[in-house]
Amino acid sequence: MAYTLYGRAGFGSVCVEAALELVGADYEFVEVDPLGDAAEQRRVRAVNPVGQVPTLILPNDSVMTESAAILIWLGDRHSDAGLAPAIDAPERAEYLRWMLFLASSFYSTFTISDGPERFHPDSATHADLLAMADRRRLDMWTLMNDAFDGAPGPFLLGESLSLLDLYVAMMSRWDPGRAAFEEACPALLHAVELTEADTVVAEVWARNFRLER
Ligand SMILES: N[C@@H](CCC(=O)N[C@@H](CS)C(=O)NCC(=O)O)C(=O)O
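What follows is about the layout of surface pockets. Empty space among the atoms becomes visible once a probe the size of a water molecule is rolled across them. As a volume, the largest pocket reaches approximately 750 Å³. Forming the boundary of the largest pocket are 32 residues, of which Gln-52, Val-53, Tyr-107, Phe-110 and Asp-114 lie nearest the centre. Put simply, the parts of the chain that give the lining of the largest pocket at least two residues each are helix H2 (38-47), helix H3 (67-77), helix H4 (92-107) and helix H5 (109-113). Counted by class, the lining of the largest pocket contains 14 nonpolar, 12 polar and 6 charged residues. Three or more residues apiece are contributed to the lining of the largest pocket by two domains, here domain 1 (2-81) and domain 2 (92-198).

Structure follows, in structure tokens:
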């Protein structure tokens, strides 16, 4: 039973790649560039009409898009791996809340950064749009950090690594940058560092973020 993941180094496919590795799934990685030339964009749209990665082809050949949905689906489908709270676990609500928060309030700002012309035709406005998107991301980090301040840890949902930790850890590497994340999110940092220290995650991170190992 094999998956096919369409993605690109450092892009939103990182968390799906790490999740597939953590659950021990058989998968093929197809490198595409959603921000590349017209031919590349056509390749992405052929599997995902929105033209974005991650896009995951499931073993039954159906197409799955939307990073949070993919992670939640993988967590449930491969529940033996213990990466997601079970449907009746007390942490389930918090898990869903913050997965969806990250997708809708944080990740969505990259739809602006990846194509400001989609939001304003006048290129003179784009520098401001990019700066405001960065500012919004920082505000969202601060808000999430405050919500987790004093949480028991060591991971975000308690004793064990979850897909929420993975999602946050990936985004901590994106704009406005890791240094800004570390400053804004002392309450999230320990869980992110623990997640990145996992040997499976560390391999995926080294490939995607060109980190020293
Ligand atoms: N809502 C989507 C967002 C995916 C997304 O924005 N991916 C970026 C790469 S990290 C992309 O493909 N950007 C190209 C574009 O928006 O045209 C998700 O959560 O998977």
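From this point, things continue past the structure.
By nearness alone, 13 residues border the ligand, and Val-53, Glu-66, Ser-67, Asp-114 and Arg-118 come closest of all. Contact between the ligand and Gln-52: an oxygen atom at 3.1 Å from a side-chain N or O atom of the residue. Burial of the ligand by the surrounding chains reaches 92%, relative to a free accessible area of 510 Å². More than half of the atoms belonging to the ligand lie within 2 Å of the grid points that define the largest pocket. Of the residues assigned to the shell around the ligand, the class counts are 6 nonpolar, 4 polar and 3 charged. Counting contributing residues, the shell around the ligand receives three or more from each of domain 1 (2-81) and domain 2 (92-198).

Another point: the nonpolar core. Where a protein is soluble and globular, its nonpolar side chains tend to be buried together. Residues Trp-141 and Leu-164 are the most contacted members of the largest nonpolar core, which totals 56 residues. Two domains share this core, each providing at least three of its residues, namely domain 1 (2-81) and domain 2 (92-198). With near-sequence residues (within four places) excluded, Leu-164 lies in contact with Tyr-95, Trp-98, Met-99, Leu-102, Met-144, Phe-148, Leu-156 and Leu-157. With 7 residues, the next largest nonpolar core counts Val-44, Val-47, Val-53 and Ile-57 among its residues.

Before going further, it helps to examine the sheet that holds strand S3 (residues 55-57). With respect to topology, 4 strands assemble into an open sheet ordered S2-S1-S3-S4, the strand pairing being mixed. Of all the strands in the sheet, the pair left with one neighbour each is strand S2 (26-31) and strand S4 (63-65). Averaged over all pairs of adjacent strands, the angle between their axes in this sheet comes to 25°, without regard to strand direction. Examined bridge by bridge, strand S1 (residues 2-7) and S2 share 6 bridges and lie parallel to one another. Residue pairing in the sheet places Leu-5 in a bridge with Phe-29 of S2.

Right, let's talk about the pattern of salt bridges for a bit. Following the criterion strictly, the structure yields 11 salt bridges and no others. Among the salt bridges present, the one from Arg-43 reaches Glu-40, with a minimum N-O distance of 2.8 Å. Taken together, the residues Arg-43 and Glu-40, both in helix H2 and 3 residues apart, mark about one turn of the helix. Arg-92 is paired through a salt bridge with Asp-76; the nearest N and O atoms lie 3.0 Å apart. Within this pair, whereas Arg-92 is found in helix H4, its partner Asp-76 is found in helix H3, the two being separated by 16 residues in sequence. Here Arg-92 falls in the buried class, since its relative accessible area comes to 9%. Note on Asp-76: relative accessible area 37%, which makes it partly exposed. One connected set of salt bridges, linked through shared partners, spans Arg-173, Arg-178, Glu-182 and Glu-196.

Interfaces are frequently sized by the accessible area removed from exposure as the parts join. Here the protein is described as being made up of domain 1 (2-81) and domain 2 (92-198). Spacing between the C-alpha centres of domain 1 and domain 2 amounts to 20 Å. Facing the 18 residues of domain 1 at the interface are 16 residues of domain 2. For the pair domain 1 and domain 2, the summed buried area comes to about 1,200 Å², and 68% of that belongs to carbon and sulfur atoms. Counting the surface domain 1 buries against domain 2, the share from its top three residues, Leu-22, Leu-71 and Ile-72, is 34%. At the junction of domain 1 with domain 2, the criterion picks out 1 salt bridge. The tally of links from domain 1 across to domain 2 stands at 4 residue pairs in polar contact (both at pLDDT 80 or more). Elements that contribute at least two residues to the side of domain 1 that touches domain 2 include exactly helix H1 (13-23) and H3. For the side of domain 1 that touches domain 2, the leading source of residues is H3, giving 6 residues.

The rules we used
- Residues numbered from 1 in each chain as written.
- Predicted model: local features only at pLDDT ≥ 70, side-chain atom pairs only at ≥ 80, totals over all residues.
- Heavy atoms only, no water.
- 1 Å grid on protein atoms, 1.4 Å probe; cavity = no way out; pocket = protein on both sides within 12 Å on 5 of 7 lines; lining within 4 Å.
- Points joined across faces, edges and corners; volume = space filled by probe spheres on them.
- Helix = DSSP H or I, 4+ residues; strand = E, 2+ residues; numbered from the N terminus.
- Nonpolar A, V, L, I, M, F, W, Y, C, P; charged D, E, K, R; others polar.
- Domains from an automatic or database assignment.
- Near = heavy atom within 4 Å.
- Polar contact = N/O pair within 3.5 Å; in protein donor to acceptor, adjacent residues only side chain to side chain.
- Areas by Shrake-Rupley, 256 points an atom, 1.4 Å probe, with all protein chains shown as cover.
- Sits in = over half its atoms within 2 Å of the grid points.
- Core = buried A, V, L, I, M, F, W, Y, C linked by side-chain atoms within 4.5 Å.
- Buried < 20%, exposed > 50% of the residue type's maximum accessible area, 1.4 Å probe, protein only.
- Contact = heavy atoms within 4.5 Å.
- Pairing = 2+ DSSP bridges.
- Axes fitted to C-alpha atoms, helices over the stretch in contact; angles between N-to-C directions.
- Salt bridge = Lys/Arg side-chain N within 4 Å of Asp/Glu carboxyl O.
- Buried area = accessible area lost by both parts, 1.4 Å probe.

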